[in-house]
Amino acid sequence: GTPWALPVVALGYTAASLIGAPQFLLIAITVAAFGPLYGFFYSIAATLVSASVNFLMARYLGADWLRQRGWQGIGSLSDMVGRNGFMSSLLVRIIPSAPFIVVNMGLGLTRTSFPAFFGGTAIGILPKTALIALLGKVVERAQAGDIQAIQYLIIAALGWIGLAFLAKWIVRRREAQKSSASTQQ
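Below is a summary of the structure that appears in this document. Note that this is a predicted model, so its numbers are computed, not measured. (Residues numbered from 1 in each chain as written. Predicted model: local features only at pLDDT ≥ 70, side-chain atom pairs only at ≥ 80, totals over all residues. Heavy atoms only, no water.)

## Considerations on the overall build of the protein
Stated formally: We count a stretch as a helix when DSSP gives it H or I for four or more residues in a row; a strand needs E for two or more, and each element gets its number in order from the N terminus. Accessible areas in this description were obtained via Shrake-Rupley with a 1.4 Å probe; residue shielding takes into account the shown protein chains only.
Of the regular secondary structure elements, the protein holds eight helices and zero strands. Put simply, the protein runs from its N terminus to its C terminus through helices and strands in the order α-α-α-α-α-α-α-α. With an accessible surface of roughly 10,600 Å², the protein has 70% of that area assigned to carbon and sulfur atoms.

Have a look at this one:
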């Protein structure tokens, strides 16, 4: 590919994130344009760039704006999410919850550190991106006459669903532990 491909893709993801474009669509377009392998890596890098821009915009523009207008709720929410920044960032990527920009900017408004946000995002986007890249590979192989390639897609989809259920279970378990700890005090 051209050396301009990644910067152009990252810029496109960032612009598209600001208007709320769905991540699935952006990743699918990238995989279609660059193939499963390059599409996967370009999607990961571009997603991290756009997520970081959204996070930092909220951190340096939005939080101060809210505080100047007297919104007191940001302090307690920020403390709670900030203490669990990595897990919060990771889990909202695995369990589809809200539009990408809302999640990124929401975390930017909290006391979540940038490294925790970035690390949770980097790990959390892997399953979805890999699944879409794998779908691209399945389509590529199916067009070449390999119908068994669909089995790989089914296995990957089941793995992603299993991961989402595991993430939900972890969240519920942590909430239950916190509830029992607070009632014992």
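Read on for the rest.
## Brief notes about the side chain of Thr 47
The condition that has to hold: Note on contacts: a residue pair qualifies if any of its non-hydrogen atoms lie within 4.5 Å across the two residues.
As for its placement among the helices and strands, Thr 47 is situated in helix H2 (residues 23–68). Aside from chain neighbours lying at most four places away, what touches Thr 47 is Tyr 13, Gln 23, Phe 100 and Ile 125.

## Observations regarding the nonpolar core
Which entries qualify depends on this criterion: Among the buried residues, those of types Ala, Val, Leu, Ile, Met, Phe, Trp, Tyr and Cys that are joined through side-chain atoms within 4.5 Å form a nonpolar core. Relative accessible area decides the class of each residue, using a 1.4 Å probe on protein chains only: under 20% of the type maximum gives buried, over 50% gives exposed, and in between gives partly exposed.
Membership of the largest hydrophobic core comes to 17 residues, with the highest contact counts inside it found for Val 9, Tyr 13, Leu 26, Ile 27, Val 31, Ile 44 and Ala 46. Those elements giving two or more residues to this core turn out to be helix H1 (5–18), H2 and helix H7 (126–143). No other element matches the eight residues that H2 contributes to this core.

## Overview of helix H8 (residues 149–184)
Quick note on the threshold: Here the expected span of a helix is defined as 1.5 Å times the quantity of residues minus one.
Its 36 residues give H8 an end-to-end C-alpha distance of 53 Å, which sits within 8% of 52 Å, the value for a rise of 1.5 Å per residue. For H8, the full list of buried residues reads Ala 149, Leu 153, Trp 160, Ala 164 and Ala 167.

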